[in-house]
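A closer look at the structure
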Amino acid sequence: MTVTVRFAPSPTGRIHIGNVRPALFNWLYAQKQGGSFILRFDDTDRERSTQEYADSILEDLTWLGIKPNRIERQSDRFALYDAAAEKLKEAGLLYACYETAEELERRRNRARALGKPPVYDRAGLKYTDEQLEKFKEEGRVPHWRFKLPNHKDGDPFSFERTEVHWDDVIRGRQTVDLASLSDPVLIRGDGTYLYTLPSIVDDADMGVTHVIRGEDHVANTGVQIAIFEALGANVPMFGHHNLLTTASGEGLSKRTGALSISSLREAGYEPMAVCSLAVLTGTSHAVEPAADLDALADMIDFTGISKSAAKFDPEEVGHLSARIVHGLPYDQVAARLDALGIQASEAFWNAVKENCNTVKDAAQWWPVVTGPVTPDIADEDREFISQARDLLPEEPWDETTWGVWTKAVKDATGRKGKGLFMPLRRALTGLTHGPDLKSLLPLIGRQKTLDRLA
Ligand code: GLU
């Protein structure tokens, strides 16, 4: 069996770090198993889905390192859903209902008041010809429900406990009692499909072997298994992972702009920081930056995903990213430094990287080397700086020059520690903090150093 997984976002907004958790679990699993990953745009909601959002999702996934083997959009596949709906109708498993939302709400309230579960009573199966005629006259259009197999044979009104089981690859054995659920609406009054049927039809048609998704879909899975079976389709394996929440337990909505993948990218964070945080939070593995997606795949397996919420601190993206940046070798950033307009050398990158939280922070250190710098020299340090200037060694300079020079300055002036180094740093860089001067000095060079000390 070739593993086939899918990530099925609705292109109705930008995806955020919580959305890429299932994308990555699927991708990493497919990679590990030599399987295939389908990106399937769940765009049956034509009003809210846009091409721009679909493009942005693909761009975000690509940036994270996910390269779908196949891309599909459900809006191209209505014929398949129509055929499946027809098949269910013919089998008497998809039936028309005419209740308005208010009527349904009233019935649910009544059931609750009587202490009964607010499960749909299948009134739609009992309409008389007169009622149907009246609905027609009133211009009512039906919505369509799937008749769950949760009743005694031949009698849809005698509900009986009907357990559906599956061995969830993350949560272990799961049980849903279909009698506790209302028959799901598969087609709305306006003829549009809810997510359920297209998803099942596609999973079956595309040979999806594993459906890995958030635990908010656990209850759906019971229903979906029943529909797979009604369609005579193979039931895939399921895995439901915990959802990322903020520390206060709040879920991340698509509109949490700050955590959208595009905003994290624009902030300059490393994709592996985002991937590591999205995947490792709420697992048995410590949250730490993985070197690449292969390494990340080796760090997790489904049984290590916790059953409780995956709480995370959004600040952590920045911390993980900085750790990655501090360890990046020059050859991995050269092109990016170039794109920032910095003609940087390996020596420059090595000098500044510890002072960069993002690669683009390097741009702020570039003028410190090339100038212009406005030296910051306090009046009381003028004499000292002038003495230091006179003691500046001749070139060639290397990483030992700073030590040789400051030793000479110390001997001549008697200054030491902060009193020695801080005025030099402020004069040379115009700043009170920054990269090691031992590394910066040879990059700045003797002439510019003389100019800044003047
Ligand atoms: N579009 C659905 C969602 O984002 C897909 C769920 C699924 O993976 O089946 O929740």
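You'll find the structure just up there.
What comes next is a walk through the structure. Predicted model, so just to flag it, every value in this text is computed and none were measured.

Quick notes on the overall build of the chain
When its secondary structure is counted, the chain shows 19 helices and 14 strands. At 32 Å, the chain has a C-alpha radius of gyration far larger than the 22 Å of a compact globule built from 454 residues. Per-residue burial for the chain yields a buried fraction of 49% across its 454 residues. Expressed as a percentage of contacts within the chain between residues at least 6 apart in sequence, the contacts between residues at least 24 apart total 73%. In the structure as shown, the chain presents an accessible area of about 21,500 Å², 49% of it carried by carbon and sulfur atoms. Charged side chains in the chain number 54 positive and 67 negative. The centres of these two groups are separated by 3 Å.

Re the environment of E103
Along the chain, E103 turns up in helix 4 (residues 101-113). Once the C-alpha coordinates of E103 and V359 are considered, the two residues, 256 residues apart in sequence, prove to be 58 Å apart. Look past the residues within four positions of E103 in its chain and what remains in contact with it is Y98 and R140.

Observations concerning the pattern of salt bridges
Under the counting rule described, the total for this entry stands at 27 salt bridges. Ionic pairing is found between D203 and R6, a salt bridge with its closest N-O pair at 2.9 Å. With a gap of 197 residues between them, D203 in helix 6 (residues 196-205) and R6 in strand 1 (residues 4-7) connect regions that are remote in the sequence. As far as the burial class goes, D203 and R6 line up, both buried.

Examining the site of the ligand
As a matter of local geometry, the ligand sits amid R6, A8, S10, D42, Y195, S199, R213 and H217. In this structure, a nitrogen atom belonging to the ligand sits 2.6 Å away from a side-chain N or O atom of D42. A distance of 2.9 Å separates an oxygen atom of the ligand from a polar side-chain atom of H217. Coverage of the ligand by the protein amounts to 76% of the 300 Å² it exposes when considered alone. Looking at the shell around the ligand residue by residue, the class counts come to two nonpolar, three polar and three charged.

Let's talk about the nonpolar core
It is characteristic of soluble globular proteins that their nonpolar side chains tend to be buried jointly. Ranked by internal contacts, the top residues of the largest apolar core, which has 85 residues, are I17, L296, F348, W349, V352 and W405. Excluding anything up to four places from it in sequence, L296 contacts L28, M272, C275, S276, V279, L280 and A290. Of all hydrophobic cores here, the second largest spans 31 residues; its members include L148, I200, V211 and F228.

Quick notes on the sheet that holds strand 4 (residues 94-97)
Across the sheet, three strands lie side by side as 4-5-10; this open sheet has antiparallel pairing. The two strands at the open ends of the sheet, each matched to only one other strand, are strand 4 and strand 10 (185-187). Neighbouring strand axes in the sheet, compared pairwise and without regard to direction, differ in orientation by 45° on average. Here strand 4 pairs with strand 5 (residues 143-146) via four bridges, running antiparallel. When the sheet's bridge partners are listed, C97 is paired in strand 5 with H143. Lying on the sheet, helix 3 (residues 78-90) is in contact with strand 4, strand 5 and strand 10; it crosses strand 4 at an angle near 85°.

Regarding the environment of V317
Tracing the backbone shows V317 in helix 11 (residues 316-326). Once you skip the residues sitting within four places of it in the chain, V317 turns out to touch I17, L264, Y269, A273, V274 and L277.

Things to note about the packing of aromatic side chains
Enumeration according to the criterion identifies 13 aromatic pairs in this entry. A ring pair is formed by F78 and Y193, whose centres lie 6.4 Å apart and whose planes are at 20°; its orientation type is stacked. Here F78, found in helix 3, pairs with Y193, found in the loop between strand 10 and helix 6; they are 115 residues apart in sequence, far enough to count as distant. Judged by its relative accessible area of 25%, F78 falls in the partly exposed class. Aromatic side chains W166 and F238 sit 6.4 Å apart centroid to centroid with 65° between the ring planes, which places their arrangement in the edge-to-face category. With W166 in strand 8 (residues 163-168) and F238 in strand 12 (residues 237-241), this residue pair connects regions lying 72 residues apart in the sequence. For W166, a relative accessible area of 6% corresponds to the buried category.

Re the pairing of strand 9 (residues 172-177)
Strand direction decides the pairing type here: strand 8 and strand 9, joined by six bridges, are antiparallel. Residue pairing in the sheet places D167 in a bridge with R173 of strand 9. The hairpin formed by strand 8 and strand 9 contains three residues between the paired strands.

Side note on helix 7 (residues 218-230)
Look at helix 7: 19 Å from first C-alpha to last across 13 residues, which is about the 18 Å you get at 1.5 Å a residue. All buried positions along helix 7 are accounted for by V218, T221, G222, V223, Q224, I225, A226, I227 and F228. G232 occupies a position one or two residues after helix 7 and carries a positive phi of about 70°.

With respect to helix 1 (residues 17-33)
With 17 residues, helix 1 extends 24 Å from end C-alpha to end C-alpha; this agrees with the ideal 24 Å at 1.5 Å per step. Two residues or fewer past helix 1, G34 is found with a positive phi of approximately 65°.

Comments concerning the side chain of T246
Here T246 shows up in strand 13 (residues 244-246). For T246, a relative accessible area of 17% translates into the label buried.

Here is what the cut-offs are and how they apply
- Residues numbered from 1 in each chain as written.
- Predicted model: local features only at pLDDT ≥ 70, side-chain atom pairs only at ≥ 80, totals over all residues.
- Heavy atoms only, no water.
- Helix = DSSP H or I, 4+ residues; strand = E, 2+ residues; numbered from the N terminus.
- Rg over C-alpha atoms; globule rule 2.2 N^0.38 Å.
- Buried < 20%, exposed > 50% of the residue type's maximum accessible area, 1.4 Å probe, protein only.
- Contact = heavy atoms within 4.5 Å.
- Areas by Shrake-Rupley, 256 points an atom, 1.4 Å probe, with all protein chains shown as cover.
- Lys, Arg positive; Asp, Glu negative; His and termini not counted.
- Charge placed at Lys NZ, Arg CZ, Asp CG, Glu CD.
- Salt bridge = Lys/Arg side-chain N within 4 Å of Asp/Glu carboxyl O.
- Near = heavy atom within 4 Å.
- Polar contact = N/O pair within 3.5 Å; in protein donor to acceptor, adjacent residues only side chain to side chain.
- Nonpolar A, V, L, I, M, F, W, Y, C, P; charged D, E, K, R; others polar.
- Core = buried A, V, L, I, M, F, W, Y, C linked by side-chain atoms within 4.5 Å.
- Pairing = 2+ DSSP bridges.
- Axes fitted to C-alpha atoms, helices over the stretch in contact; angles between N-to-C directions.
- Phe/Tyr/Trp six-rings, centres within 6.5 Å; stacked < 30°, edge-to-face > 60°.
- Expected span 1.5 Å × (residues − 1).

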